Amino acid sequence: MSDSNSTVRWTLNGTEVENEAGMTIMEAAKVHGVDIPQFCYHPGLSIAGNCRICMVESNRSPKPVISCSERIAEGLEIKTQSEVAVDARNSVMEFQLINHPLDCPVCDKAGECVLQDHSYEHGPDRSRFVEDKNIRHTKELGPTIDIWGNRCIVCTRCVRFCDEISGTGELCVVERGDRSVVDVFPGVPIDNSLAGNTVDICPVGALISSDFKYEARVWNMDKTSSVCGGCSRGCNVEVETLDGFVKRLTPRENLDVNDWWMCDHGRYGWRHLYADSRLEGAQHDGQAVSPTGTSGALHQLLSSSSSTAFLVDPFMTCEELHLVRSIANSLGGSTIAGWLPAAGTEENFPGGFKISADKHPNRKGAEHVLGGDLFTTSADQLKSALSNGSIDTLVAFVGGDGFEGAGGEWNDLISKAGKRIVFATQQGSWCEGADLVIPATAPLEKEGVWVNEDDRAQRTRSCRSLTSNHFPSELVVLQELQVHMEQRNRPLSAAGIFRELSEASDAFSGHSHSSLGDSGSPLSQRPAAMSSEGGQS
Amino acid sequence: MANHEETPEEKPETATTVPREKAAFGMPLIKGLANTLSHILRNEPNTIHYPAEKRTPFPGYRGEHRLKRDELGREKCVACFLCSTACPAHCIEIVAEEAPWGDREKRPRLFNIDMMRCIYCGMCEEACPCDAIELTPVYNIPSRSRGEKIYNKEKLLSL
Ligand code: SF4
Ligand code: SF4
Ligand code: SF4
Ligand code: SF4
Ligand code: FES
């Protein structure tokens, strides 16, 4: 047992199995396809062992043991389905439910509630409890978090999160016994940049995000696996929409990027999609242009231009940037430069989570596609060319949440170009007087690849918000322009454009949408079977 | 199971039932015709003069919906969406809002039933944990426009 051999032989439900030494019974069993229920255990947090739902029968103990903290050992025999284990789970479930209000019909967690699932699978079908249930507090814990104390099963996941991951320690358990409940100290609300995660990890509906409260039942929403565009970390997220309206963002597990978490800036940063100033249709000299006529109008303006410059933004996907590059090349002698939004502050948390200071998702990708001096030397050149009036036509992309345009200096410079074509998410001074204004997709509405600050390429998918259904995306408009310019026969999907990009660019070579999959991959790590996978689009 | 030897014997057994059915074919036909004939000869109407004369629906008849009120006159519905989840025709649209009363959390801000899509199956009534929705026996619900067939919360509560 104590030798240096790193595997351990043990018995799981009568079958002899082998696992790495040091694993807990729960982790090791999962490897062999045996799921043991859990409330307090969370892979990202320390082990608390307080809920007892994970009890299993062991040959080393007269009583059942908790599998989330007990480690496997040579000769250990574990039964997860024996009478002792089933009875232990059953009793824990009954115990958890004696004070639980069972208000699932009005509980926002219903449908994704661990207590519901375990009660259905492991619980007794009736309660023997005839006394009155305890009443615990329902109140605000912070600006974004409310607690329904009655539903709390005191698993302390949220408390451990604030201690270990955000390091802010606002939450604590107050009272004792069956009156225990999570609370904050008077005058110290839970108000940190990661607070929203406590709602996700709460196994029941005790912690509720006031932003999502009563908004939708979780089973009615559509989910899109996407990437947050809030900063250059590129946290993997799930965008949940109801009838084309985003209702909430939740983090998607990716141990190479964001673990199980995301920050509140990204989590609540989707309202710009539905802002009143959002552009929904193209305009040519103040006249509305139909969605199908946009690329024609664009072609007309570009073909009569003597010198054209492109100003791109770091919210554009690598595919869009690649299209801009090939259009600029065929126009001949066009400059391409990029603008960057104002930097924020970097935040690092004890749990290893980082919020980047770069408040845009694809600077790295843009530099790979269009050259490393895109935001520096090229930008300066374009600035001076614009201010001395030597640019005839400027195609400016003003994406992102779009409220600030491209930032004060660029906004002024954009209006100095002779003719202006502006792709913008929001209306503003940058659209005023432009010859052609084309609505642009915002982060969460884009299909394509972003490269985060660690040079990791990740696919962002469109949540198909109602707004972006009103107009063709830049990816389509730019390709239609290429069709007008006789560079292309027909528009392709984002995957098809990415294939062209990976053939044209060393940085992306070998990668494809399918090889990047849901969790992305570092650009330096080329997939093995590149030729066969590159074939699908 | 493996040496179950009776199986081949079952075939002739079922074959013998066919002639028996054939033999029984004539009598019910004659009975049926006699029944029809007796009604023709009796000359009594079996239909009713519908708009003038109305039939009382059978107990449990599933007609137009209504939303119930509690003893204080507030809607009983707590906007749990269980009826719309259970509805096979997807014809119930609900938008929830915070209830202004202390004894519950939610109430519907919007509650629309598309009566043209409804198949009057009663699943909504069965799913409701608050006994807030029911199908009344009212069956004569014509209207002059499609819009009128979308019943909103006020209409459902007034029925
Ligand atoms: S926490 Fe879970 S079990 Fe409790 S009311 Fe909410 S959905 Fe139901
Ligand atoms: S509020 Fe939720 S996460 Fe926190 S202790 Fe209670 S049940 Fe666990
Ligand atoms: S009766 Fe059936 S079809 Fe009609 S609203 Fe209810 S559940 Fe839906
Ligand atoms: S099931 Fe009942 S309480 Fe729930 S939304 Fe429908 S009518 Fe309202
Ligand atoms: S999951 Fe093991 S004690 Fe809670």
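A short tour of the structure in this document, coming up. (Residues numbered from 1 in each chain as written. Chains lettered and ligands numbered in written order. Predicted model: local features only at pLDDT ≥ 70, side-chain atom pairs only at ≥ 80, totals over all residues. Heavy atoms only, no water.)

Residues and elements named next belong to chain A. With respect to the helices, strands and loops of the structure, L331 is situated in helix α8 (residues 318–331). Between the alpha carbons of L331 and F403 there is a distance of 31 Å; along the sequence they are 72 residues apart. With near-sequence residues (within four places) excluded, L331 lies in contact with L302, T308, F310 and M485. (Helix = DSSP H or I, 4+ residues; strand = E, 2+ residues; numbered from the N terminus. Contact = heavy atoms within 4.5 Å.)

It is worth spelling out the pairing of strand β16 (residues 308–312) of chain A at this point. On any regular strand, side chains alternate: one points to one face of the sheet, the next to the other face. All names here are of chain A. Summarising burial for β16: 5 of the 5 residues are buried, a large majority. Here β16 shows a buried face lined by T308, F310 and V312 and a second buried face lined by A309 and L311. Bridge count between β16 and strand β20 (residues 393–398): 4 bridges; the pairing is parallel. Considered in β20, the bridge of L311 is made with A396. Summarising the sheet, β16 and strand β17 (residues 335–338) pair through 4 bridges and their orientation is parallel. If you follow F310 over to β17, its bridge partner there is I336. (Buried < 20%, exposed > 50% of the residue type's maximum accessible area, 1.4 Å probe, protein only. Pairing = 2+ DSSP bridges.)

Here the focus is the pattern of salt bridges. This structure, assessed with the given rule, holds 36 salt bridges over all chains. The partner of D264 of chain A in a salt bridge is R267 of chain A, with the nearest N and O atoms 3.8 Å apart. One end of the pair, D264 of chain A, and the other, R267 of chain A, are both in helix α6 (residues 264–267), 3 residues apart, so they sit about a helical turn from each other. Of the two residues examined, D264 of chain A and R267 of chain A, each falls in the buried class. Here D70 of chain B makes a salt bridge to R104 of chain B, at a shortest N to O gap of 3.2 Å. Here R104 of chain B lies in the loop between β2 (92–98) and β3 (106–114) and D70 of chain B lies in the loop between β1 (65–67) and α3 (82–86), a separation of 34 residues in the sequence. Assigned by exposure class, D70 of chain B and R104 of chain B land together as buried. One connected set of salt bridges, linked through shared partners, spans R66, K68, K76, D131 and E134 of chain B. (Salt bridge = Lys/Arg side-chain N within 4 Å of Asp/Glu carboxyl O.)

The next point concerns the side chain of E445 of chain A. Residues and elements named next belong to chain A. Secondary-structure assignment places E445 in the loop between β22 (436–439) and β23 (448–451). With a relative accessible area of 4%, E445 lands in the buried category. In this structure, E445 is in contact with L273, R278, A440, S462, C463, S465, T467 and S468, ignoring residues within four places of it in sequence.

A few words now on the environment of C113 of chain A. Residue and element names in this part refer to chain A. Among the structural elements, C113 can be located in the loop between α2 (83–97) and α3 (114–122). Relative accessible area serves as the criterion here: at 7%, C113 is assigned to the buried category. Counting along the chain gives 401 residues from C113 to S514, while the straight-line C-alpha distance between them is 32 Å. Once residues lying within four places of it in the same chain are set aside, the contact partners of C113 are P203 and V204.

On the surface, L37, I40 and L41 of chain B cluster together into a nonpolar patch covering about 350 Å² of accessible area. Residue position: L41 of chain B is located in helix α2 (residues 26–42). (Patch = residues over 30% accessible without salt bridge, like charges linked within 9 Å, V, L, I, M, F, W, Y side chains within 5 Å. Areas by Shrake-Rupley, 256 points an atom, 1.4 Å probe, with all protein chains shown as cover.)

Here we come to the sheet that holds strand β3 (residues 55–58) of chain A. Note: strands within a sheet are paired through backbone hydrogen bonds, in either parallel or antiparallel orientation. Residue and element names in this part refer to chain A. The strand order across the open sheet formed by 5 strands is β2-β1-β5-β3-β4, and the pairing between neighbours is mixed. Single-partner strands in this sheet number two, and they are β2 (15–20) and β4 (65–66). Sheet topology note: the β3/β4 ladder contains 2 bridges and is antiparallel. Counted as the bridge partner of M55 is I66 from β4. Across the sheet, α2 touches β3 and β5 (77–79), and the angle it forms with β3 is around 155°. (Axes fitted to C-alpha atoms, helices over the stretch in contact; angles between N-to-C directions.)

Turning our attention to the interface of chain B and chain A. Across the boundary between the two partners, chain B contributes 11 residues, which contact 10 residues of chain A. Carbon and sulfur atoms supply 60% of the area that chain B and chain A bury against each other, a total of about 940 Å² over both sides. The largest share of the area that chain B buries against chain A comes from F81, E105 and K106 of chain B, three residues that together contribute 54% of it. Remark: the boundary between chain B and chain A carries 2 salt bridges. R151 of chain A is the salt-bridge partner of E105 of chain B, the closest N and O atoms lying 3.2 Å from each other. Looking at the side of chain B that touches chain A, the elements that each hand over two or more residues are α3 and β2 of chain B. (Buried area = accessible area lost by both parts, 1.4 Å probe.)

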